[in-house]
Number of protein chains: 2
Amino acid sequence: MADVARSAGVSTMTVSNVINGRPRVGAATRERVLATISELGYQVNLAARHLRAGRTGVVGLAVPELERPYFAQLAGRLADRFEAHGLRIVMERTGGGREGELDAVAFSRLRMYDGLILSVVDLDPSELNQLRTDAPVVMIGERALPSRFDHVMMDNVDGARQATAYLLGTGARRVAMIGGDPTGSANMPGLRAEGYAIAHAEAAVPVDPELNVRSSFGLQDGYDAIRSLLDRGIGFDAVFALTDVVAMGVLRALADAGLRVPDDIQVVGFDDIDEAAYLVPSLTSVNPGHDEMADRITELLTAQITGGPTGDPKEVVVPARVVARGTTKPPA
Amino acid sequence: MADVARSAGVSTMTVSNVINGRPRVGAATRERVLATISELGYQVNLAARHLRAGRTGVVGLAVPELERPYFAQLAGRLADRFEAHGLRIVMERTGGGREGELDAVAFSRLRMYDGLILSVVDLDPSELNQLRTDAPVVMIGERALPSRFDHVMMDNVDGARQATAYLLGTGARRVAMIGGDPTGSANMPGLRAEGYAIAHAEAAVPVDPELNVRSSFGLQDGYDAIRSLLDRGIGFDAVFALTDVVAMGVLRALADAGLRVPDDIQVVGFDDIDEAAYLVPSLTSVNPGHDEMADRITELLTAQITGGPTGDPKEVVVPARVVARGTTKPPA
DNA sequence: TTGAAAGCGCTAACAT
DNA sequence: ATGTTAGCGCTTTCAA
């Protein structure tokens, strides 16, 4: 910038004023500066700008995996909303482990972001509270996280309860759960497993532990889980897959086994990703309140960014609901 | 940092040395500084650090939409590879328009990123060449882009040719193309349309312009395109969908119309997204060489980052190949 | 082993 | 309408 100023015979301040379109610059001077800028190929240094301004105009979104449709689709929704506030969303991955989640906070608190949206899966409340940050942060995620951060979550327990209740309501009596964590710990699989258990209790249908297959959350994991049930000869008449992606693997495995959906086996997923409605048959799923989640996250974070630290941390739970489609039968 | 220095009774330089783990610091001093740091909850300011160091350890990946599976999955692959080089990938969206693509470059050249991977869809070569950047950039994208940037692309024309040839080889004679741009312009739809035309010429099968339905690339767009053909009574025995996402919409529309796949209508997609193999029936698609693309992009960008401006811009075309699955019949 | 000085590139605040 | 001064928080260089 100094080069430009010298070359145009003005002060750096005037150059700065021109670049930022500030008013108090003569038309002739402006022209000259602009000409010099393009002549020299000058470009602003954002790092310096941020050092002065103390803000970057960027909001970070840190998620476990970039390629999971749920997060990718959430990112798209958030990008729309933040754009309206003049903020750009950038997405990075944590890998879903402690390390990566802590990194994300470190990176953000180091002022590269004006705010951070963090999907927490592996950090526990005590670790969270030890984070030194007064920067704006909104946690999302499945877990209950009593902490000093604003927190938006989907209603995992009730969503899973509804999904399972829906299946039981159609007459299913042996509902396999794929991906659930039967130990009921406070993470996503645990919470969804809890809803599964509640629905069974409400319907007075006993839960067979053999029907729970723990698995990871990829397509192949859903596939393998069904193969495993089939190979072990464990009978089931419905499947509650903990995510829609898992459900896709399940559907494939059922097809390979010559089982018809929903006639022989019904299937319900969770997340209601865009693809769910387009599968053949279309996938019944739990919609975790996508738009409301995105709205709440945006509100809370922009409030923190513009208004400084707000009072008590807010904890928002967005209601979930079953969207019935082709992989289930109508309620009996 | 000054606070810490004062409070620990040392100079800021010593604090800096401690933080960066540099050797020439006495053990006692180090302890004291460390203690003061955690006491005061001090955190480095990255903006300042970058201002000095001139690098950030971050590589930007700018794509049209965060939620398109092709890009989300590419991002995951790139993140793996760059992590091995100590670089973190952050993903942002351009919206697929000129404005956003220029923004992405601006943002990156302004030193927020050490390098940028830019998926170009709307910028043309002349605009690209006017970009003032000596920062490391690798373009990805479908278009031929003679420019001064390294450029990695999939072989759109040949991939589309193979897909279409495969269909013609199974006996299909009226292959609908969904999403293609019949004007043959140098963007992705145009290139894939070109491959479609070449395959027809090679097989001496005439192309019926009515079989080309222009559309956007969402699930619903594929659905609507098929409905449109059906409603207009245009007969077809196969579909070449320009992307797998479009193909999913197509499959759904065919199912709704009571048409069986592949018996009545065969379908081929493009991109070979992870989901393709798990659909029922599984989707025949064109694999654009995912791993090789990710490898090349990583090599070219890290070379630029560590080695400074390399000689001539490299232009890499990664070969594509058809992966035959359940939505097509075996070759005749 | 530690510190002082200088400056990275920018802009807010205050001259002129 | 334009310029001067000062300083954002850090690190490189050189001196003690």
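Treat the numbers as computed from the prediction; the structure is a model and nothing was measured.

J.: Just give me the short version of the environment of Gly222 of chain A, but keep the residues and values in it.
T.: Residue and element names in this part refer to chain A. Mapped onto the elements of the fold, Gly222 is located in helix 10 (residues 219-231). Owing to a relative accessible area of 0%, Gly222 belongs among the buried residues under this scheme. The sequence separation of Gly222 and Gly115 amounts to 107 residues, and the corresponding C-alpha distance is 35 Å. Apart from the residues lying within four places of it in its own chain, the contact partners of Gly222 are Ile178, Val246, Gly249 and Val250.

J.: Describe the relation of the copies chain B and chain A, listing the residues and the values that go with them.
T.: One copy of the chain maps onto the other through a rotation about an axis followed by a shift along the same axis. Mapping chain B onto chain A calls for a screw motion: a turn of 180° about the axis and a shift of 0.2 Å along it, with 0.3 Å RMSD after fitting. A rotation of that kind, with that shift, is consistent with a two-fold axis. Taking C-alpha positions as reference, the residue of chain B nearest the rotation axis is Met91 of chain B, located at 2.4 Å.

J.: How would you summarise the packing of aromatic side chains if you had to cite specific residues and measurements?
T.: For any pair of aromatic rings, the description consists of the separation of the ring centres together with the inter-plane angle of the planes. Residues and elements named next belong to chain A. Applying the stated criterion to the full structure yields two aromatic pairs over all chains. Between Tyr70 and Phe71, the aromatic rings sit 5.2 Å apart at their centres with planes inclined by 70°, giving edge-to-face as the arrangement. The buried category is assigned to Tyr70, whose relative accessible area is 10%. Residue Phe71 is classed as buried on the basis of its relative accessible area of 4%. One Lys or Arg, Arg192, reaches over the ring of Phe270 and ends 3.6 Å from the middle of that ring.

J.: Tell me about the nonpolar core, and name the residues and values.
T.: One recurring pattern in soluble globular proteins is that nonpolar side chains are buried together. Counting 154 residues, the largest nonpolar core has Ile117, Ile178 and Phe240 of chain A together with Ile117, Ile178 and Phe240 of chain B as its most contacted members. Membership of the second largest hydrophobic core comes to 29 residues, among which are Leu116, Leu123 and Val137 of chain A together with Tyr113 of chain B.

J.: Go over the protein's contact with DNA strand C, please, and point to the residues and values.
T.: Inspection of the region around DNA strand C gives 25 residues, with Met1 and Tyr42 of chain A together with Arg24, Gly26 and Thr29 of chain B positioned closest. Taking all atoms of DNA strand C within 4 Å of the protein, the share assigned to sugar and phosphate is 65%. Within the contact set of DNA strand C, a phosphate oxygen lies 2.3 Å away from a side-chain nitrogen or oxygen of Tyr42 of chain A. Thr14 of chain B places a side-chain nitrogen or oxygen 2.6 Å from a phosphate oxygen of DNA strand C. Breaking the surface near DNA strand C down by element, the ones donating at least two residues are helix 2 (12-19) and helix 4 (46-53) of chain A together with helix 2 (12-19) and helix 4 (46-53) of chain B. Split by residue class, the surface near DNA strand C holds 10 nonpolar, 10 polar and five charged.

J.: Outline the layout of surface pockets, listing residues and values.
T.: Computed from the structure, the second largest pocket encloses a volume of approximately 470 Å³. What lines the second largest pocket is a set of 19 residues, among which Asp274 of chain A together with Glu67, Arg68, Gly218 and Leu219 of chain B lie closest to the centre. Elements supplying a minimum of two residues to the lining of the second largest pocket: helix 5 (69-83) of chain A together with helix 10 (219-231) of chain B. Examining the composition of the lining of the second largest pocket, we find that four residues originate from one element, helix 5 of chain A, more than from any other. In terms of residue class, the lining of the second largest pocket is made up of five nonpolar, five polar and nine charged.

J.: Would you mind going over the environment of Ser228 of chain B in detail, with residue names and values included?
T.: In this structure, Ser228 of chain B sits in helix 10. Considering only alpha carbons, one finds Ser228 of chain B and Ile305 of chain B, 77 residues apart in sequence, at a separation of 49 Å.

J.: Please give an account of the UniProt feature "domain: HTH lacI-type" (unreviewed entry) in chain A that cites residues and values.
T.: Per the UniProt entry, the sites bearing "domain: HTH lacI-type" (unreviewed entry) are residues 1-53 of chain A in this numbering. Taken end to end, residues 1-53 of chain A is 70% helix and 0% strand, and its first and last C-alpha atoms sit 17 Å apart.

J.: I'd like a rundown of unusual backbone geometry, residues and numbers included.
T.: The linkage connecting Val261 of chain A with the following residue, Pro262 of chain A, adopts the cis geometry, with an omega of 5°. Note on placement: Pro262 of chain A falls in the loop between helix 11 (244-256) and strand 9 (266-268). Backbone torsion omega between Val280 of chain A and Pro281 of chain A reads -5°, so that peptide bond is classified as cis. Look at Asp272 of chain B: it is not a glycine, yet its phi comes out positive at around 50°. Mapped onto the elements, Asp272 of chain B comes out in the loop between strand 9 (266-268) and strand 10 (285-287).

J.: Describe the interface of chain B and chain A, listing the residues and the values that go with them.
T.: It is common to report an interface's size as the accessible area lost on association of the parts. With 55 residues of chain B at the interface, the matching set in chain A holds 56 residues. Viewed at the interface, chain A and chain B are joined by six salt bridges. Here Glu83 of chain A makes a salt bridge to Arg93 of chain B, at a shortest N to O gap of 3.7 Å. On inspection of chain B and its partner chain A, the count reaches nine residue pairs in polar contact (both at pLDDT 80 or more). Broken down by secondary-structure element, the contributors of at least two residues to the side of chain B that touches chain A are helix 3 (27-40), helix 4, helix 5 (69-83), strand 2 (88-93), helix 6 (98-112), helix 10 and helix 11 (244-256) of chain B. Here the side of chain B that touches chain A gets eight residues from one element, more than from any other, and that element is helix 5 of chain B. In terms of residue class, the side of chain B that touches chain A is made up of 30 nonpolar, 11 polar and 14 charged.

J.: Give a detailed account of the domain arrangement of chain A, specifying residues and quantitative values.
T.: All names here are of chain A. Under the domain assignment used here, chain A contains domain 1 (2-44), domain 2 (54-154 + 290-319) and domain 3 (156-287). Placing the centre of domain 2 and that of domain 3 at their C-alpha centroids yields a distance of 29 Å. Contact with domain 2, which involves eight residues of that partner, is made by 14 residues of domain 3. Summing both partners gives a buried area of about 990 Å² for domain 2 against domain 3, and 50% of it is carried by carbon and sulfur. Summed over the three residues of domain 2 that lose the most area to domain 3, namely Gln73, Glu142 and His290, the buried surface amounts to 45% of that side. On inspection of domain 2 and its partner domain 3, the count reaches zero salt bridges. Remark: the boundary between domain 2 and domain 3 carries five residue pairs in polar contact (both at pLDDT 80 or more). Considering every element that reaches the side of domain 2 that touches domain 3, the biggest residue donor is helix 5, with three residues. Of the residues contributing to the side of domain 2 that touches domain 3, the split by class is four nonpolar, two polar and two charged.

J.: How would you explain the sheet that holds strand 9 of chain A if you had to name every residue and give the values?
T.: Residue and element names in this part refer to chain A. Sheet architecture is open: four strands sit in the order 7-6-8-9, paired in parallel fashion. Strands at the two margins of the open sheet, each flanked by one partner only, are strand 7 (212-213) and strand 9. Bridge count between strand 6 (residues 175-178) and strand 7: two bridges; the pairing is parallel. Residue pairing in the sheet places Met177 in a bridge with Asn212 of strand 7. Packed onto the sheet, helix 8 (residues 156-169) meets strand 6, strand 8 (238-241) and strand 9 and runs at close to 170° relative to strand 8. Against the sheet, helix 9 (residues 188-203) contacts strand 6 and strand 8, and its axis sits at roughly 170° relative to strand 6.

J.: Before we move on, can you summarise the sheet that holds strand 7 (residues 212-213) of chain B with the specific residues and values?
T.: All names here are of chain B. Across the sheet, four strands lie side by side as 7-6-8-9; this open sheet has parallel pairing. Of all strands in the sheet, those bounded by a partner on one side alone are strand 7 and strand 9. Of the strands in this sheet, strand 6 (175-178), strand 7 and strand 8 (238-241) are in contact with helix 10, which crosses strand 6 at around 140°. Contacting strand 6, strand 8 and strand 9, helix 11 runs over the sheet at an angle of about 165° to strand 9.

What counts, and at which threshold
Residues numbered from 1 in each chain as written. Chains lettered and ligands numbered in written order. Predicted model: local features only at pLDDT ≥ 70, side-chain atom pairs only at ≥ 80, totals over all residues. Heavy atoms only, no water. Helix = DSSP H or I, 4+ residues; strand = E, 2+ residues; numbered from the N terminus. Buried < 20%, exposed > 50% of the residue type's maximum accessible area, 1.4 Å probe, protein only. Contact = heavy atoms within 4.5 Å. Least-squares fit on C-alpha atoms with pLDDT ≥ 70 in both. Phe/Tyr/Trp six-rings, centres within 6.5 Å; stacked < 30°, edge-to-face > 60°. Lys NZ or Arg CZ within 6 Å of the ring centre and 35° of its normal. Core = buried A, V, L, I, M, F, W, Y, C linked by side-chain atoms within 4.5 Å. Near = heavy atom within 4 Å. Polar contact = N/O pair within 3.5 Å; in protein donor to acceptor, adjacent residues only side chain to side chain. Nonpolar A, V, L, I, M, F, W, Y, C, P; charged D, E, K, R; others polar. 1 Å grid on protein atoms, 1.4 Å probe; cavity = no way out; pocket = protein on both sides within 12 Å on 5 of 7 lines; lining within 4 Å. Points joined across faces, edges and corners; volume = space filled by probe spheres on them. UniProt positions renumbered as here; feature names shortened; annotations may be inferred. Salt bridge = Lys/Arg side-chain N within 4 Å of Asp/Glu carboxyl O. Domains from an automatic or database assignment. Buried area = accessible area lost by both parts, 1.4 Å probe. Pairing = 2+ DSSP bridges. Axes fitted to C-alpha atoms, helices over the stretch in contact; angles between N-to-C directions.

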